[in-house]
Amino acid sequence: MHRVDPSLSRIPVPSEELAALPDGTAVELHGMVQRIRRLSWGAFVVLRRHDGLVQCVVPAEAAGDAMSRLREEQSVLFRGTLRKAGIKDVSIRLRTAELQVEGVEFLCTPDEPPSVDLTKKVLELNLDTSLDLRPVSLRHPVERARLRIADALCHGFRQYLRSAGFTEIHTPKICFAGAEGGANIFKVQYFDRQAFLAQSPQFYKQMAVAFFERVFETGPVFRAEPHQTSRHINEYTSLDLEMGFIGGFADIMATETALLASMMEHLRGACSYEIDLLGARLPAVPPSIPAVTLAEAHSIAGAASGRDYSAEPDLEPEEERLVCEHASREWESEFVFVTHFPTSKRPFYTMDDPDNPGTTLGFDLLFRGLEVTTGGQRIHEYGMQVEKLKSFGLDPADFDSYLMAHRAGLPPHGGLAIGLERLTARILDIENIRLATMFPRDAKRLTP
RNA sequence: GGUCCGGUAGUUCAAUGGUUAGAGCACCGGCCUGUCACGUCGGAAGUUGCGGGUUCGAGUCCCGUCCGGACCGCCA
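Residues numbered from 1 in each chain as written. Chains lettered and ligands numbered in written order. Predicted model: local features only at pLDDT ≥ 70, side-chain atom pairs only at ≥ 80, totals over all residues. Heavy atoms only, no water.

## Examining the overall build of chain A
For chain A, the count of helices and strands is 13 helices and 16 strands. For chain A, the spread of C-alpha atoms along the principal axes amounts to about 80 × 65 × 40 Å. Burial status across chain A gives 52% buried among its 448 residues. Partitioning the intrachain contacts of chain A with sequence separation of at least 6 by distance along the chain shows that 66% fall at a separation of at least 24. With the model as given, the accessible surface of chain A reaches about 21,300 Å², and the carbon-plus-sulfur share is 53%. Here chain A carries 49 positive and 62 negative side-chain charges, and the mean point of each set is 6 Å from the other. (Helix = DSSP H or I, 4+ residues; strand = E, 2+ residues; numbered from the N terminus. Buried < 20%, exposed > 50% of the residue type's maximum accessible area, 1.4 Å probe, protein only. Contact = heavy atoms within 4.5 Å. Areas by Shrake-Rupley, 256 points an atom, 1.4 Å probe, with all protein chains shown as cover. Lys, Arg positive; Asp, Glu negative; His and termini not counted. Charge placed at Lys NZ, Arg CZ, Asp CG, Glu CD.)

Written out as structure tokens, the structure reads:
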């Protein structure tokens, strides 16, 4: 037996701390070689570290044959001293100092040069190429910065909800039945039975309301729909929450408003480098996000386009854009809630509005022309839920384990789900949400 | 699933139906150089997605097929 050496648990020094070190401090930096500019006396080597790029000065005499062995995408360990510098390149994170290298250790040299030019300021790849080459293309500073934004949003989501009395849960992704119904569910072989991939943590988070009152989850959900658009993928990250003891569905919208404000504040603080690099324009979350009914949304969109949408049971993508433009112009909000979708268009667990029969206490949140959230108040009474299942043509017996929670009593509750990739894409003004996804899954893409 | 658009070098793109299909970046070699999208000279790099057809001649026109994209349906 031997014990693990605890001193091996080293944390890479953040760039902010490097920037604060006095001139001449001896440091060791590891990383991968992002780009090399060879000069007569040596080379400038831009090192890709965990949190950003740093410029290193490698004199020819620094380490024997190091100059001739240097390659892009090598893993290296540089020993040297920090020196003040004024670096113009905004893709470099540490701009006030550089590493004067005195010793080089090569940890790994790639077998082939990268298949795309990672030294460019912007990786100008076709979407398909970028996705095919994901293990390489994501090494580019701009490409990986998008995922860092998504990470910060996720972190902000967790941080706010934990501070607001929510418990993080982890629900199964292999399920007996789907929450949303319909044919858009992936079947999987589960030993000798058929199971399904979760379309949503809906059932489980509702059950959890009875024991944790407020819960959230960040995890994958799966939709087997053959859609082929810039805003759909078949596996996406759902930022879910569910909360009990609500006074009405407006409580949920109010919670999302505070949540989004907190997430943006966190993002601004955690990702200033990435925000600058990507030229991201963070939205201001108003103290109160405007809300319109579906009927009002149709009327706003109709006035803008001259078309009549009033018979549509749902919002068309064009309407989402028009309503957002209207909200931005007239109400100074890039966010807008749309409420009261028809009963037939919302899942069976959605509560109907007793004051407006045929419509639901559900909402969508539109942001910069795209639906980024769906939420609503759920049915908490057993009898009401059984009746609605039947009216949807479903057999309550198929939902016995779900209805067990209703029979045992549930507080009035509701919740929502934010599409992480969609939110990220709209914040960054990315055309296709696949670029806000590390390894997107769609009808035509299963690798990498 | 429907409609429309596209597929040329590793990559991003050019190329009236008419010489040997070109350019930038990357790559390889030389020169220069505290660079920062470094500069400069040269080199290598192609089954024009695939199959058929029209034509004296097809990257280009036609048909089929494969792959991809946008929009729609559906949804976050």
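## Digging into the protein's contact with RNA strand B
Every one of the 50 residues lining RNA strand B counts as a neighbour, but Arg37, Asp117, Lys121, Arg422 and Asn432 are closest to it. For RNA strand B, a base oxygen lies 2.8 Å from a polar atom in the side chain of His232. Here Val372 contributes a backbone N or O atom positioned 2.9 Å from a sugar or linking oxygen of RNA strand B. Residue assignment for the surface near RNA strand B shows that the elements contributing at least two residues are β1 (26–39), β3 (52–59), β5 (92–108), α3 (127–132), α10 (317–330) and β15 (370–377). When its residues are assigned to classes, the surface near RNA strand B shows 13 nonpolar, 15 polar and 22 charged. (Near = heavy atom within 4 Å. Polar contact = N/O pair within 3.5 Å; in protein donor to acceptor, adjacent residues only side chain to side chain. Nonpolar A, V, L, I, M, F, W, Y, C, P; charged D, E, K, R; others polar.)

## Structural notes on the packing of aromatic side chains
The relative placement of two aromatic rings is captured by the distance of their centres and the angle of their planes. Within the structure shown, the criterion is met by twelve aromatic pairs. Measuring from centroid to centroid gives 5.3 Å for Trp41 and Phe44, while their planes differ by 85 degrees, and the two rings are edge-to-face. You can call Phe44 partly exposed: its relative accessible area is 24%. Seen from their ring centres, Phe337 and Phe363 are 5.2 Å apart, and the 85 degrees between their planes marks the pair as edge-to-face. (Phe/Tyr/Trp six-rings, centres within 6.5 Å; stacked < 30°, edge-to-face > 60°.)

## Thoughts on the layout of surface pockets
By volume, the largest pocket amounts to about 1,200 Å³. Lining the largest pocket are 42 residues, with Arg223, Glu225, Tyr236, Glu371 and Thr374 sitting closest to its centre. If you list the elements that add at least two residues to the lining of the largest pocket, you get α6 (202–212), β11 (235–244), α10, β14 (362–367), β15, β16 (413–419) and α13 (420–428). At six residues, β15 tops the list of elements feeding residues into the lining of the largest pocket. Classifying every residue of the lining of the largest pocket gives twelve nonpolar, 15 polar and 15 charged. Taken as a whole, the second largest pocket holds about 350 Å³ of empty space. (1 Å grid on protein atoms, 1.4 Å probe; cavity = no way out; pocket = protein on both sides within 12 Å on 5 of 7 lines; lining within 4 Å. Points joined across faces, edges and corners; volume = space filled by probe spheres on them.)

## Description of the nonpolar core
Counting 48 residues, the largest nonpolar core has Leu153, Phe157, Leu241, Leu267, Leu423 and Ile427 as its most contacted members. With eight residues, helix α7 (residues 249–270) is the single largest residue contributor to this core. Ala43, Leu47, Val54 and Ala66 belong to the second-largest nonpolar core, a separate cluster that totals 23 residues. (Core = buried A, V, L, I, M, F, W, Y, C linked by side-chain atoms within 4.5 Å.)

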